[in-house]
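Geometric and topological summary
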Amino acid sequence: MSIGYRPSGWRKATAGIAAAEQLASVGEKSAISKTRSFVAVKRVGAHIGLKAGDLLLLDILGAFTQAQDWQEGRRPIVWASNAYLMEQTGFSLSALKRHARRLAEAGVIAFKDSPNGKRWGHRDSDGVIVEAYGFDLSPLSAQAEEFEKLQNELQLERELCQRLKRQITVTRRMIRARIDAALSGALRGPWKAFLSTFEELLARLPRRNTASEKLERLLYRFKELQKRVEEAFLKAVRADDVVENAPQGQEQSALETQEMNPREVISEPHILITTQLNPVTCNRSEDEQADVVAPKAFHEEPVDRELEEWVSETRKNRGAALDLPTVMQACPEFASWAHTMGGYLKDWSDLHRVAGQLRPMIGISEHAWNLTQDRLGTQIATAALVLTFDKHAAGEVASPGGYLRGMVEKAGAGELHLERSFYGRLREQAA
């Protein structure tokens, strides 16, 4: 039996302390530096059960060691007295013992005890420890690579959780927006039941850090609810259009026909590109909202001339023009919302109007939107907002305002190439 591990009554033997002794032997054969070892353990300290007081004691113990103590074949042993450690940490004797034992149970330090249980040691003229008994920090060297691996896994888990939380946030905002739009428009549908289910899911949102598995299950529930809400919303909008456009006296018959012969709900965006005047049939609430966001005068020829200049410049500089179908196909999340809010989009004026309606949903302020249009021009600003909306909805962008501002700054430096982003998203969809 080694002199460093004494299963006697004055120190209770546990599996953790015995494992720490074995790790000390492994650490003696490694050559991992003190800095690397301490950084590794501090990054995962909370995850392995260490508290702030444990890490404070570990820091003070580490201050007694020297660089050569961490070289291969040597052990960084600290033989400071309890009185000194209590003075440095402010701990009581019982607290000091409790923190030391927790460090040992976590496999961070080991106890190398002398035959009489006293701590002592001395160094030679070169500062090398000749013999010592006390707190052995060798397990840190043995655990450093494992702690680093654990840190990488924790980092990936945190990033996944952040991504899932962003997706949950975007999904619930979309659900809330569609339910509110349906209720304000007096559309037929089980909106109160949807709202009740929605509030039930909101109550399940974690208020503290939680595992990605739970967030994935919660996101799935939100996505399922979103799908049901969108299907009901589109069905209600179609029914409303049928009733409104039916000949006088036949509104009720049209509604009954719609209900008796329900069509399959189409969640894919339907974008119509045509030169005909106003092929879209919208309900009155949509027309009124569109007039508020984008006055009739906005849809005149100057906007189209600016588009033509931009398309011409894009062809000249990049060899390909960014057209409306490309933008909508590359951004399916935005296209779905645009179809619901604005019906069929026949030109960039319609897209600009709908983009202005959807802008508040992702937290873009009116000031930021006006500044973007002033710096980029109407069409480029619209395309930039569409891209920002879609990326935020997909959980790729956490700060839409910051992302849009970054594109404005790139444009000022002549480094903005939106067509690359749109065509890149198309390639990803095809992959």
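Owing to the predicted nature of the structure, the values given are computational and were not obtained by experimental measurement.

Reading guide: rules and limits
Residues numbered from 1 in each chain as written. Predicted model: local features only at pLDDT ≥ 70, side-chain atom pairs only at ≥ 80, totals over all residues. Heavy atoms only, no water. Helix = DSSP H or I, 4+ residues; strand = E, 2+ residues; numbered from the N terminus. Buried < 20%, exposed > 50% of the residue type's maximum accessible area, 1.4 Å probe, protein only. Contact = heavy atoms within 4.5 Å. Expected span 1.5 Å × (residues − 1). Pairing = 2+ DSSP bridges. Salt bridge = Lys/Arg side-chain N within 4 Å of Asp/Glu carboxyl O. Phe/Tyr/Trp six-rings, centres within 6.5 Å; stacked < 30°, edge-to-face > 60°. Core = buried A, V, L, I, M, F, W, Y, C linked by side-chain atoms within 4.5 Å. 1 Å grid on protein atoms, 1.4 Å probe; cavity = no way out; pocket = protein on both sides within 12 Å on 5 of 7 lines; lining within 4 Å. Points joined across faces, edges and corners; volume = space filled by probe spheres on them. Nonpolar A, V, L, I, M, F, W, Y, C, P; charged D, E, K, R; others polar. Axes fitted to C-alpha atoms, helices over the stretch in contact; angles between N-to-C directions. Parallel < 35°, antiparallel > 145°, perpendicular 65-115°, else oblique. Left-handed = near helix turned anticlockwise from the far one by under 90°. Bend = angle between axes of the 7 residues up to and from the residue.

Turning our attention to the overall build of the protein chain. A count of helices and strands for the protein chain gives 18 helices and four strands. When the 431 residues of the protein chain are sorted by exposure, 43% land in the buried category. Of the contacts formed within the protein chain by residues at least 6 apart in sequence, a portion of 73% connects residues at least 24 apart.

With 12 residues, helix 3 (residues 52-63) extends 17 Å from end C-alpha to end C-alpha; this agrees with the ideal 16 Å at 1.5 Å per step. Residues Gly53, Asp54, Leu55, Leu57, Leu58, Ile60, Leu61 and Gly62 constitute the buried set of helix 3. Lining the buried residues of helix 3 we find helix 2 (34-44), strand 1 (77-78), helix 4 (82-89), helix 5 (93-105), strand 4 (129-136) and helix 6 (138-184).

With that out of the way, let us pick up the pairing of strand 4. The buried fraction of strand 4 is high, at six of eight residues. Taken together, the two bridges between strand 1 and strand 4 define a ladder with antiparallel strand orientation. Counted as the bridge partner of Val78 is Phe135 from strand 4. Both strand 2 (residues 110-112) and strand 4 contribute to a ladder of three bridges, which runs antiparallel. Across the sheet, residue Lys112 finds its bridge partner in strand 4, namely Gly134. Here strand 3 (residues 120-123) hands over to strand 4 after five residues, with Gly127 in that stretch at a positive phi of 85 degrees.

In this structure the tally under the stated criterion is 15 salt bridges. Arg123 is paired through a salt bridge with Asp69; the nearest N and O atoms lie 2.9 Å apart. Note that Arg123 is positioned in strand 3 and Asp69 in the loop between helix 3 and strand 1, a separation of 54 residues in sequence. Of the charged contacts in the structure, one is a salt bridge between Arg178 and Glu230, with a shortest N-O distance of 3.8 Å.

Tallied over the full model, the rule gives eight aromatic pairs. Residues Phe38 and Trp70 carry aromatic rings whose centres are separated by 6.1 Å and whose planes lie at 70 degrees to one another, so their mutual orientation is edge-to-face. Placement of the pair is Phe38 in helix 2 and Trp70 in the loop between helix 3 and strand 1, with a sequence separation of 32 residues. Considered together, Phe38 and Trp70 belong to a single accessibility category, that of buried residues. Ring centres of Phe334 and Phe389 lie 5.5 Å apart, and the angle between their planes is 85 degrees; on these two criteria the pair is classed as edge-to-face. Note that Phe334 is positioned in helix 13 (residues 332-342) and Phe389 in helix 16 (residues 378-393), a separation of 55 residues in sequence. Residue Phe389 is classed as buried on the basis of its relative accessible area, which comes to 2%.

A few words on the nonpolar core. Ranked by size, the top nonpolar core spans 38 residues in total, and within it Met328, Phe334, Leu351, Phe389, Leu418 and Phe422 carry the most contacts. Only helix 6, helix 12 (324-330), helix 13, helix 14 (348-358), helix 15 (366-376), helix 16, helix 17 (400-412) and helix 18 (418-430) provide two or more residues apiece to this core. If you tally residues by element for this core, the top one is helix 16, at nine residues. Not counting the four nearest positions on each side in its chain, Phe389 is found in contact with Met174, Glu333, Phe334, Trp337, Leu358, Met361 and Ile362. In this structure, Ile17, Val41, Ala104 and Leu140 belong to the second largest nonpolar core, which totals 33 residues.

Considering all chains together, one arrives at five cavities of 30 Å³ or more under this definition. Looking at the largest cavity, its volume works out to about 50 Å³. Around the largest cavity, the lining residues are Val170, Arg173, Met174, Met361, Ile362, Phe389, His392 and Ala393. Put simply, the parts of the chain that give the lining of the largest cavity at least two residues each are helix 6 and helix 16. Of the residues assigned to the lining of the largest cavity, the class counts are six nonpolar, one polar and one charged.

Here Ala186, not a glycine, exhibits a phi torsion of approximately 55 degrees, which is positive. The topology assignment puts Ala186 in the loop between helix 6 and helix 7 (191-203).

This part covers the packing of helix 2 against helix 6. To characterise two packed helices, one gives the angle between the axes of the helices and the distance between these axes. At their nearest, the axes of helix 2 and helix 6 sit 8 Å apart, and the two run at 45 degrees to each other. Regarding the angle of helix 2 to helix 6, the classification is oblique. Seen along the crossing, helix 2 lies across helix 6 with a hand that is left-handed. Together, Arg36, Ser37, Phe38, Ala40, Val41, Arg43 and Val44 of helix 2 and Leu140, Ser141, Ala144, Glu145, Phe147, Glu148, Leu150, Gln151 and Leu154 of helix 6 make up the contact between the two elements. Taken together, the residues of the contact of helix 2 with helix 6 sort by class into nine nonpolar, three polar and four charged.

This paragraph deals with helix 6. For helix 6, which comprises 47 residues, the first-to-last C-alpha distance of 68 Å matches the rise-based estimate of 69 Å (1.5 Å per residue) to within 8%. Within helix 6, the axis deviates most sharply at Ala144, by approximately 45 degrees. The first or second residue beyond helix 6 is Ala186, which carries a positive phi of 55 degrees.

Pairing of strand 3 with strand 4 involves four bridges; the strand directions are antiparallel. When the bridges of strand 4 are listed, Arg123 appears paired with Ile129.

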